Number of protein chains: 4
Amino acid sequence: MTQPERRYVITFGCPDRTGIVARIAQFLADAGGWIVEAAYHTDPDTSWFFTRQEVLASSLPYGVEELRARFAEIAVELGGEGKVADTGEPRRIVLLVSKEGHCVYDLLGRVASGELEVEVSAVIGNHNDLAAVTEGHGIPFHHVPFPREDKQAAFAEVRSLVARHDPHAIVLAKFMQILPTELCREWTGRALNIHHSFLPSFVGAKPYHQAYQRGVKLVGATCHYVTAELDAGPIVEQDVIRVGHGDSIRDMVRKGRDIEKVVLARGLRWHLENRVLVHGNKTVVF
Amino acid sequence: MTQPERRYVITFGCPDRTGIVARIAQFLADAGGWIVEAAYHTDPDTSWFFTRQEVLASSLPYGVEELRARFAEIAVELGGEGKVADTGEPRRIVLLVSKEGHCVYDLLGRVASGELEVEVSAVIGNHNDLAAVTEGHGIPFHHVPFPREDKQAAFAEVRSLVARHDPHAIVLAKFMQILPTELCREWTGRALNIHHSFLPSFVGAKPYHQAYQRGVKLVGATCHYVTAELDAGPIVEQDVIRVGHGDSIRDMVRKGRDIEKVVLARGLRWHLENRVLVHGNKTVVF
Amino acid sequence: MTQPERRYVITFGCPDRTGIVARIAQFLADAGGWIVEAAYHTDPDTSWFFTRQEVLASSLPYGVEELRARFAEIAVELGGEGKVADTGEPRRIVLLVSKEGHCVYDLLGRVASGELEVEVSAVIGNHNDLAAVTEGHGIPFHHVPFPREDKQAAFAEVRSLVARHDPHAIVLAKFMQILPTELCREWTGRALNIHHSFLPSFVGAKPYHQAYQRGVKLVGATCHYVTAELDAGPIVEQDVIRVGHGDSIRDMVRKGRDIEKVVLARGLRWHLENRVLVHGNKTVVF
Amino acid sequence: MTQPERRYVITFGCPDRTGIVARIAQFLADAGGWIVEAAYHTDPDTSWFFTRQEVLASSLPYGVEELRARFAEIAVELGGEGKVADTGEPRRIVLLVSKEGHCVYDLLGRVASGELEVEVSAVIGNHNDLAAVTEGHGIPFHHVPFPREDKQAAFAEVRSLVARHDPHAIVLAKFMQILPTELCREWTGRALNIHHSFLPSFVGAKPYHQAYQRGVKLVGATCHYVTAELDAGPIVEQDVIRVGHGDSIRDMVRKGRDIEKVVLARGLRWHLENRVLVHGNKTVVF
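Residues numbered from 1 in each chain as written. Chains lettered and ligands numbered in written order. Predicted model: local features only at pLDDT ≥ 70, side-chain atom pairs only at ≥ 80, totals over all residues.

### Comments concerning the relation of the copies chain C and chain B
Defined as follows: Least squares is the method for superposing the copies, and the C-alpha atoms it fits come from residues with pLDDT of at least 70 in both. For the purpose of contact definition, each residue receives a C-beta atom placed from its backbone, and two residues are in contact when these atoms lie within 7 Å.
The transform that puts chain C on chain B rotates by 180° and translates by 0.0 Å along the axis, for an RMSD of 0.0 Å. Overall, the copies show the geometry of a two-fold rotation axis. Among all residues of chain C, the one whose C-alpha sits closest to the rotation axis is G136(C), at a distance of 2.6 Å. Mapped onto chain B, 100% of the interface residues of chain C are again interface residues, and the two copies thus contact each other with one and the same surface.

Right under this line is the structure:
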């Protein structure tokens with residue numbers, strides 16, 4: 001299958017009023033821009049307008065920097081803020097992991113099979129259980145131990161390792177460590193976590209155990225942006241799977257993993273494709 | 001399509017040990033009993049054994065009363081407790097409703113089309129919005145107003161109306177009134193509620209509003225037995241439906257209703273078929 | 001919950017080129033039109049562009065007839081064809097039924113509970129099993145018998161009854177009669193059928209029997225536009241439900257009905273909201 | 001999490017009559033056998049009875065060979081045929097692959113994370129694209145080229161490589177080669193294939209292209225036993241995922257892969273746990 005053509009992806013938000021679509025569309029039409037995908041939404045509570053547009057790079061007479069400069073003027077004019085991404089620019093992610101491998105194996109498999117077009121710059125683990133398979137994929141693995149008595153130094157090292165790669169996403173793929181507030185802030189809008197419950201059910205530790213005790217008939221998973229408040233960040237994607245009285249906690253964990261993997265993979269894909277616009281504590285996913 | 005043949009349905013629970021299945025199976029085999037469906041489960045936490053067995057009525061040389069008497073001896077012997085239901089005995093339900101009609105329309109439609117084999121003895125409403133359609137189905141409708149200042153008398157009337165029919169299930173089909181503790185107790189194991197969220201998410205009032213505020217990507221419904229603690233009874237069935245940023249609360253309510261209807265209908269069917277065994281605050285659904 | 005405000009819904013298709021979105025958006029902006037929902041799509045095989053836009057009626061300085069006239073000019077200019085619907089104009093449907101009631105009960109219940117805003121002008125049945133409940137909802141029921149030896153006269157009567165109401169949709173709610181080609185043509189784009197399989201699996205008669213024989217693990221339903229070729233029209237919506245070895249054909253029919261009901265209800269809603277654009281034998285559902 | 005205790009798994013089928021359950025249960029009870037999971041089913045068309053029972057190994061006074069010998073007598077007595085598996089005996093699989101890696105990456109990840117307790121004895125590919133990752137997992141990879149003009153020799157080599165490991169399952173993980181009839185026969189009941197459509201829809205080549213042309217709203221995958229008739233063997237598991245007009249064939253392939261992976265993984269797990277009983281062209285999955 002051939003790759004899709006190179007595109008520029010405009011994402012933008014501003015207070016709603018008439019004429020926004022016309023303004024942006026005319027701007028693109030004037031330059032001969034060929035829109036191949038477009039989406040709009042207005043939040044009824046806040047009257048905030050959102051849009052995402054994909055334009056064929058080859059249809060414009062100028063490059064991405066020029067488009068960024070020109071679109072910035074439109075954004076100012078409309079009183080909003082936007083961004084222009086270029087699908088021709090390579091994208092990078094860093095994975096933070098612990099001992100559980102299912103999400104990492106899944107993501108590395110998706111990258112290896114060309115399904116997720118991204119470079120995994122590094123995998124950082126507080127244990128080194130996942131070093132071998134990571135390196136088997138030709139990806140550097142950094143082991144950063146997290147001693148109970150001094151996590152601060154460990155987080156500083158993680159921060160510095162991440163910063164070195166300036167990744168488009170930091171993926172907490174079952175990292176099992178609670179990020180300090182300053183790191184949540186620094187990585188705002190780039191750090192994605194996979195939580196093993198259908199949030200806001202079973203916030204906190206051992207959600208499968210909580211689900212088992214409550215006797216629920218479905219277990220789920222949630223991919224969300226990391227914020228300073230634990231498990232409370234903007235939700236990007238969720239899904240569930242059926243469980244029954246015959247399922248032990250062990251079975252629920254196993255079934256839940258299949259959901260964790262697809263929910264994280266979908267959330268990450270959408271993030272990398274600039275499909276997720278955050279507004280307050282909610283997301284618009286175009 | 002022909003009706004399934006008349007069956008006796010044995011449900012039983014006791015402390016687990018070896019030989020229980022053999023004891024019950026031998027008891028049935030000795031009488032020539034033809035088992036057409038059988039299920040077993042042992043709860044690993046409490047070591048409680050559960051079983052449900054369907055036997056063709058025509059295969060036994062005696063009637064249901066004799067079977068009940070004989071099985072009662074086995075139950076004592078095994079230190080457990082059981083029940084024998086007869087699919088030839090007509091089953092009755094009473095519906096408690098308010099103004100919202102979707103669950104009632106759905107249940108009455110299922111009964112009218114022969115899909116749910118049960119007699120709806122009465123529909124009781126604290127408003128009379130649903131009287132016309134109920135009576136159009138040839139079913140008595142009782143309007144019991146619930147004045148804010150004296151709900152006690154109203155509940156007493158509901159209780160007495162329900163008692164008159166001695167129903168196999170009291171279905172709170174969007175009743176919107178919180179049952180007093182004594183009624184919860186009296187109706188233990190027979191009162192089914194449909195809650196418009198994926199419990200334990202969004203306990204209490206206005207779950208769709210809560211879901212909308214949290215920005216979840218799925219909304220759900222839960223059918224559970226009513227207990228004195230609000231929205232905390234044993235869960236019989238749950239399901240979810242996908243929602244997105246484009247869905248208003250009004251849309252979420254509408255989509256959620258499709259899930260409420262099927263979740264309630266499934267839960268009620270399983271209850272009437274004696275498939276639901278309650279143990280502590282959890283259910284086994286065979 | 002308050003009703004959504006009155007809107008004009010523009011649907012339009014034309015050969016893709018740059019500037020279409022700008023042209024339409026500018027046209028609306030010039031008149032002060034407030035777009036509350038907009039969607040675009042280009043079919044990559046045929047390079048056909050599709051759009052659907054909802055504009056607040058109150059934001060335009062003129063009425064729907066003027067909008068239709070003005071938009072017709074744009075349509076000509078862009079070499080395409082479009083339509084302007086007005087959510088303030090009442091919408092009508094006619095249901096064609098036979099003996100099976102589940103879809104009819106479901107649709108009438110949705111209308112009665114205000115969930116589906118449409119007037120059911122008439123229900124026409126080749127049997128009169130569903131007359132009582134239909135009339136209980138205050139809706140006229142026409143019994144048109146279909147004798148084996150002369151279906152032509154019966155179809156002529158159905159055609160004339162339908163024509164009398166000029167409905168926005170003719171819903172074959174388990175009608176079980178194959179429409180003659182000329183009726184398929186006359187009702188093109190307005191006749192919706194619900195087929196009890198996941199098409200193209202199990203085309204033709206007794207799909208649940210076919211599914212049972214093949215031992216599939218899911219059964220489904222398909223809502224599609226009626227065309228002269230049986231079960232081959234453009235698909236509007238599909239869904240499936242899980243079945244297992246313990247399910248008899250009777251059980252599969254019952255479970256399948258829950259899917260038939262929601263698939264038909266969703267398809268009909270989208271059709272009435274002008275969300276479905278047909279192109280060749282496929283649909284775009286905005 | 002601790003491993004479940006060692007168990008003996010009895011699977012058995014015979015013509016239905018009264019007393020079968022009692023006979024087997026009494027046999028186990030006499031030996032002190034502790035049943036931890038049991039399931040029964042009778043096929044209504046053929047009156048064939050099926051059962052699967054898990055017994056704690058430690059509860060029996062003898063080993064698996066003795067149990068096999070003793071149960072064989074019961075099987076003869078009841079005129080049926082059965083099997084006794086031992087969860088303590090290591091299980092082996094061989095994977096047949098081509099160029100597409102998603103199913104292989106997924107299965108190897110599940111094995112590496114301890115989710116699927118099986119030894120992957122070998123991966124055999126008609127291309128060697130997947131050699132590196134396979135060997136990165138410490139598993140031998142055999143490259144067997146399939147020249148167009150002489151596939152017979154290649155199949156003979158595959159056959160001999162497989163025979164060397166005597167695996168419990170031969171998994172065609174996107175193998176893309178049609179097995180010769182004699183190999184289908186030799187591997188009867190052990191060869192599992194993953195087909196990228198919801199069979200019987202879109203039998204044969206390029207199912208996603210067929211699905212795209214037909215405009216379906218869901219795409220699926222089917223795990224089935226391989227038989228001499230292409231894509232027609234007994235179905236073990238199926239599932240679907242939603243697609244829409246915005247999805248290109250490329251998108252449908254990508255989304256479908258997520259379903260292929262879980263459907264194959266579930267089917268394989270059930271096969272290895274002796275949960276799948278084949279009868280004619282259908283399966284009972286306990």
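### Details of the pairing of strand 8 (residues 169-172) of chain D
Residues and elements named next belong to chain D. What counts is decided by this rule: One requirement defines pairing of two strands: DSSP has to find at least two bridges between them. Here a helix means four or more residues in a row that DSSP labels H or I, a strand means two or more in a row labelled E, and each is numbered from the N terminus. Note on handedness: a clockwise path from strand one over the helix to strand two, with the strands aimed away from the viewer, defines a right-handed crossover.
Pairing of strand 5 (residues 92-97) with strand 8, which is carried by four bridges, proceeds in the parallel orientation. The partner of L95 across the bridge, within strand 8, is V171. Note that strand 8 and strand 9 (residues 191-195) share three bridges and pair parallel. Bridge assignment links L172 to a residue of strand 9, and that residue is N193. For the crossover from strand 8 across helix 6 (residues 181-186) to strand 9, the handedness is right-handed.

### Re the interface of chain C and chain B
With 16 residues of chain C at the interface, the matching set in chain B holds 16 residues. Residue assignment for the side of chain C that touches chain B shows that the elements contributing at least two residues are helix 3 (102-112), helix 4 (131-136) and helix 8 (249-272) of chain C.

### Brief notes about the interface of chain B and chain A
Accessible area lost during the coming together of the parts is what is often quoted as the interface size. Heads up, the condition is: Three categories are distinguished: nonpolar for Ala, Val, Leu, Ile, Met, Phe, Trp, Tyr, Cys and Pro, charged for Asp, Glu, Lys and Arg, and polar for the others, with Gly belonging to the last.
Facing 24 residues of chain B, the contacting portion of chain A comprises 24 residues. Listed by contribution, the elements that provide at least two residues to the side of chain B that touches chain A are strand 11 (235-242) and strand 13 (282-285) of chain B. Its residues placed into classes, the side of chain B that touches chain A shows ten nonpolar, ten polar and four charged.

### A word on the packing of helix 3 (residues 102-112) of chain A against helix 8 (residues 249-272) of chain A
All names here are of chain A. The cut-off we apply is this: Orientation is described by lines fitted to C-alpha atoms, with helices fitted over the stretch in contact, and by angles between N-to-C directions that extend from 0 to 180 degrees. Note that the term roughly parallel is reserved for angles under 35 degrees, roughly antiparallel for angles over 145, roughly perpendicular for angles of 65 to 115, and oblique for everything else. In a left-handed crossing the near helix is turned counterclockwise from the far helix by less than a right angle, and in a right-handed crossing that turn is clockwise.
Interaxial distance between helix 3 and helix 8 falls to 9 Å at its minimum, and their mutual angle equals 45°. The pairing of helix 3 with helix 8 is recorded here as oblique in orientation. As for how helix 3 packs across helix 8, the hand of that crossing is right-handed. Residues H102, C103, D106, L107 and R110 of helix 3 touch helix 8, and the partners they reach there are R257, E260, K261, L264 and A265.

### Remarks on the relation of the copies chain B and chain A
You can overlay chain B on chain A at an RMSD of 0.0 Å; the transform is a turn of 180° with a shift of 0.0 Å along its axis. The residues that chain B uses at the interface reappear at the interface of chain A in 100% of cases, marking a shared surface.

### Quick look at the environment of E54(D)
Residues and elements named next belong to chain D. For clarity, the cut-off: We call a residue exposed when 12 or fewer other C-beta atoms sit within 10 Å of its C-beta, buried when the count reaches 20 or more, and partly exposed for counts in between; the C-beta positions come from the backbone.
Relative to the elements of secondary structure, E54 occurs in strand 3 (residues 48-56). Classification of E54 as buried rests on a count of 22 C-beta atoms within 10 Å. When residues no more than four places from it in sequence are discounted, the contact partners of E54 are R7, V9, I35, V36 and E37.

### A word on the confidence of the model for chain A
The condition is simple: In predicted models, pLDDT denotes the confidence assigned by the predictor to each residue on a 0 to 100 scale.
On average, chain A scores 94 in pLDDT, and the residues at 70 or more come to 99%. Here the prediction assigns the complex a pTM of 0.94, and the interface score ipTM is 0.92.

### Here's the deal with the packing of helix 1 (residues 20-30) of chain A against helix 1 (residues 20-30) of chain C
Their axes nearest at 8 Å, the elements helix 1 of chain A and helix 1 of chain C cross at an angle of 145°. The handedness of the crossing between helix 1 of chain A and helix 1 of chain C is left-handed. Across the interface between the two elements, V21(A), A22(A), A25(A), Q26(A), L28(A) and A29(A) of helix 1 of chain A pack against V21(C), A22(C), A25(C), Q26(C), L28(C) and A29(C) of helix 1 of chain C. For the contact of helix 1 of chain A with helix 1 of chain C, the class distribution of residues is ten nonpolar, two polar and no charged.

### Regarding the sheet that holds strand 11 of chain B
Each strand in a sheet pairs with another by means of backbone hydrogen bonds, the pair being arranged parallel or else antiparallel. All names here are of chain B. Strands sit in the order 7-6-5-8-9-10-11 across an open sheet of seven strands; the sheet is mixed. Where the open sheet ends on each side, the last strands, each with one partner, are strand 7 (141-143) and strand 11. Averaged over all neighbouring strand pairs, the angle between strand axes comes to 15°, with direction disregarded. Inspection of the sheet shows strand 9 (residues 191-195) paired to strand 10 (residues 218-225) by four bridges, in the antiparallel sense. Counterpart to L192 in the pairing with strand 10 is Y225. Relative to the sheet, helix 5 (residues 151-165) contacts strand 5 (92-97), strand 6 (119-125), strand 7 and strand 8 (169-172), its axis offset from that of strand 6 by approximately 175°. The sheet strands contacting helix 8 (residues 249-272) are strand 8, strand 9, strand 10 and strand 11, and the helix crosses strand 11 at an angle near 155°.

### Points about the domain arrangement of chain A
Residue and element names in this part refer to chain A. As a reminder, the rule being used: Domain start and end points were adopted from an automatic or database domain assignment.
Splitting chain A by domain gives domain 1 (7-86) and domain 2 (92-285). Each partner contributes residues to the interface: domain 1 has nine residues there, and domain 2 has five residues. Listed by contribution, the elements that provide at least two residues to the side of domain 1 that touches domain 2 are strand 1 (7-15), strand 2 (35-43) and strand 3 (48-56). When its residues are assigned to classes, the side of domain 1 that touches domain 2 shows four nonpolar, three polar and two charged.

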